[in-house]
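What follows is each chain in one-letter form.
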Amino acid sequence: MTRRKGILKILFVALAVLLLAVFFAGCGEYTPPQNQGGGSSQPPTVITPPIGSEDPPTDGFTVTLTHYDGAPFTSADYPLITRLQAQWTEITDGRPSVYRASFNGDGVADVGELDGDFNVTLVLNDEFRKLYTYDPNPAREERKDELKATNLKKDVSIPLYRLTVIDAADGRMNIGGVNTPYNSLTQTGAYSYTLQSRTDKRMFFYKPSIKGEYSFMTLMDVTADEVNPIVDLHFGQPGFYVNPIPALTQDGGGAEGNYTKNVWLKYQISADEVGNGLIFNLYSESERADAYPLTIYFIFERDGEFSRPVETSTPVPVTENFGNKPATPDGEFAFIGARNPVTDTANTQHILYQENVKYYDPAVGGDGYYYYKNPATGDFFKDENGNVSAQYRVYAVLGNRNQVHDAFNNPDLAKMLAYVCEMVGEPAYNYSSFVTRYISNCNGDGAYPVNEELKTFLQRWAVSQRYFNDGNGYAESTTGGGPGYNSDEDSQWLYACGVYIKR
């Protein structure tokens, strides 16, 4: 099959990214790597100031903890806050000096007077790492110096994310016919998931509740430089079918070490797409044989508003005169891909081939609909009066479930009708009103006779949804409920079509 190109609405940005230290399961206390200059590591100088909020102010270097929204983070949030420490690592080409100080009850660590430039990180215990996490190396341009302390910027504020630990899967999705466990994520924030081995993977579905521009970031420690996260992106709908072939494998895009490359991607959800989301498979590589079990941290953030300009999705008008629609023929409806309309036998190869149908052109006195052809003559079937036989008129199922997807008025599908685009860079069409009007005029089977504009819609929809994708589209699948259709590039529109067979 020719590879079909669907719209890829996710925009990947190879910029620097928020990063978060990965802490290995079973390790007691996490200490960021101290050998950042290439020489031997020097034991850190640990300075523990008196605990309490009445400590006299100094002109020293300090670190202040906050919640991600900027509110103070104190012992009221974490009673054992005094067991946490801030660490200042000298930025130098040689052997760095490293200093630490414990936090007081107000969430402030004061190391006293230092001289120079320093990277600031946190020294955390296992208990705290199950509750909160932070970004030790914010490298995006607007935040790249956020955790650097200098003689001119002695106080550093570190925002903390409340952590959601992901354990067992909460659902299953049909991925290429395989019933696959996955986790559904419904809100922004920080998450962690523990991979048990190099071959361990976990599927996720992030479903934003409001429109906007979002970021997905893996948060691996580039100073440790031992683990490399990878994300496979997939097309599909979790409730229906997900293409097993990744639409794209993202290995990088964020801050990097020599080995570690963090994943960072941005994507935009417009109002009509709310409810759809990002389907991705998360896994990793490591040079360390003992790296697993390995806890991976990642963050979803909503970066700002997004509204798709109206002009990028052109409303498609309806030209059909519904008052003149023909009567439904007698008989039982059968999909062309499932049953041969001529012999009333199973279409064992499930072939969709538009050369088997013919348009009855109004320019030659026709009614403007498609009909299944008589294979003996290559022309229309005729009734006893010599007229084109209505029995072989082709209908498309719109208002009921067909063999590929649910009815078009299903809320998830209905939202997608507002932006139908066959491939990136091509025009997008808004079929919301178009399909609503057709469904309101369908017969009792949810079907309407296929004219030119309906054929065009079905073709655009099938291509945009990648129902046929080198054997891996849902319409081509023979497992997981797929009908196993075979189609050339131009015949995809027939996936929803059939005729009424009179027995």
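Coordinates for the structure precede this section.
Residues numbered from 1 in each chain as written. Predicted model: local features only at pLDDT ≥ 70, side-chain atom pairs only at ≥ 80, totals over all residues. Heavy atoms only, no water.

> Residue-level account of the side chain of Asn347, with values.
Inspection of the secondary structure assignment puts Asn347 in the loop between β27 (345-346) and β28 (351-352). Excluding anything up to four places from it in sequence, Asn347 contacts Ile336, Gly337, Ala338, Arg339 and Asn340. (Helix = DSSP H or I, 4+ residues; strand = E, 2+ residues; numbered from the N terminus. Contact = heavy atoms within 4.5 Å.)

> Tell me about the sheet that holds strand β32 (residues 395-397), and please be specific about residues and values.
Strand order in this open sheet of four strands is β25-β36-β32-β34, and the pairing throughout is antiparallel. This sheet does not close on itself; its edge strands, each paired only once, are β25 (332-335) and β34 (447-449). On average, each strand axis in the sheet is inclined to that of its neighbour by 40°, with strand direction left out of account. (Pairing = 2+ DSSP bridges. Axes fitted to C-alpha atoms, helices over the stretch in contact; angles between N-to-C directions.)

> An account of the environment of Asp367 is requested, with residue identities and associated values reported.
Here Asp367 is to be found in the loop between β29 (357-359) and β30 (370-374). Spatially, the C-alpha atoms of Asp367 and Pro326 are 8.9 Å apart, while their sequence positions differ by 41 residues. Among residues more than four places away in sequence, those in contact with Asp367 are Tyr360, Pro362 and Arg393. Only 2.4 Å separates the side chain of Asp367 from the side chain of Tyr371, close enough to count as a polar contact. (Polar contact = N/O pair within 3.5 Å; in protein donor to acceptor, adjacent residues only side chain to side chain.)

> I'd like to hear about the packing of aromatic side chains, residue by residue, with values.
Here the structure, examined in full by the defined rule, presents 41 aromatic pairs. Counting every residue linked through ring pairs, the aromatic cluster contains Tyr191, Tyr193, Phe204, Tyr206, Tyr214, Phe216, Phe280, Phe298 and Phe300. The aromatic ring of Tyr132 is capped on one face by Arg162, whose charged end is 4.9 Å from the ring centroid. Note that Arg460 overlies the ring of Tyr429, its terminal NZ or CZ placed 3.6 Å from the centroid. (Phe/Tyr/Trp six-rings, centres within 6.5 Å; stacked < 30°, edge-to-face > 60°. Lys NZ or Arg CZ within 6 Å of the ring centre and 35° of its normal.)

> Mind laying out the sheet that holds β30, listing which residues take part and the relevant values?
Strand order in the open sheet formed by three strands is β29-β30-β31, and the pairing between neighbours is antiparallel. Single-partner strands in this sheet number two, and they are β29 and β31 (379-380). Here β29 runs beside β30; their pairing, made up of three bridges, is antiparallel. Bridge assignment links Val357 to a residue of β30, and that residue is Tyr372.

> Residues and numbers for helix α3 (residues 432-440), please.
By the burial criterion, the buried members of α3 are Phe434, Val435, Tyr438 and Ile439. Down the axis, α3 shows its buried residues gathered within 125° of arc, on one side only. Facing away from the buried side of α3 by over 90 degrees, the exposed positions are Thr436 and Ser440. (Buried < 20%, exposed > 50% of the residue type's maximum accessible area, 1.4 Å probe, protein only. Arc of directions from axis to C-beta.)

> Just give me the short version of the pattern of salt bridges, but keep the residues and values in it.
Any two side chains of opposite charge can pair if their charged atoms end up close together. Evaluation of the coordinates by the stated rule reveals six salt bridges. A salt bridge links Arg339 to Asp344, with the shortest nitrogen-to-oxygen separation between them at 2.8 Å. Put simply, Lys358 and Asp379 hold a salt bridge, and the shortest N to O gap is 2.8 Å. Here Lys358 is found in strand β29, whereas its partner Asp379 is found in strand β31, with 21 residues between them in sequence. In this structure Lys358 comes out as partly exposed when scored by relative accessible area, which is 30%. (Salt bridge = Lys/Arg side-chain N within 4 Å of Asp/Glu carboxyl O.)

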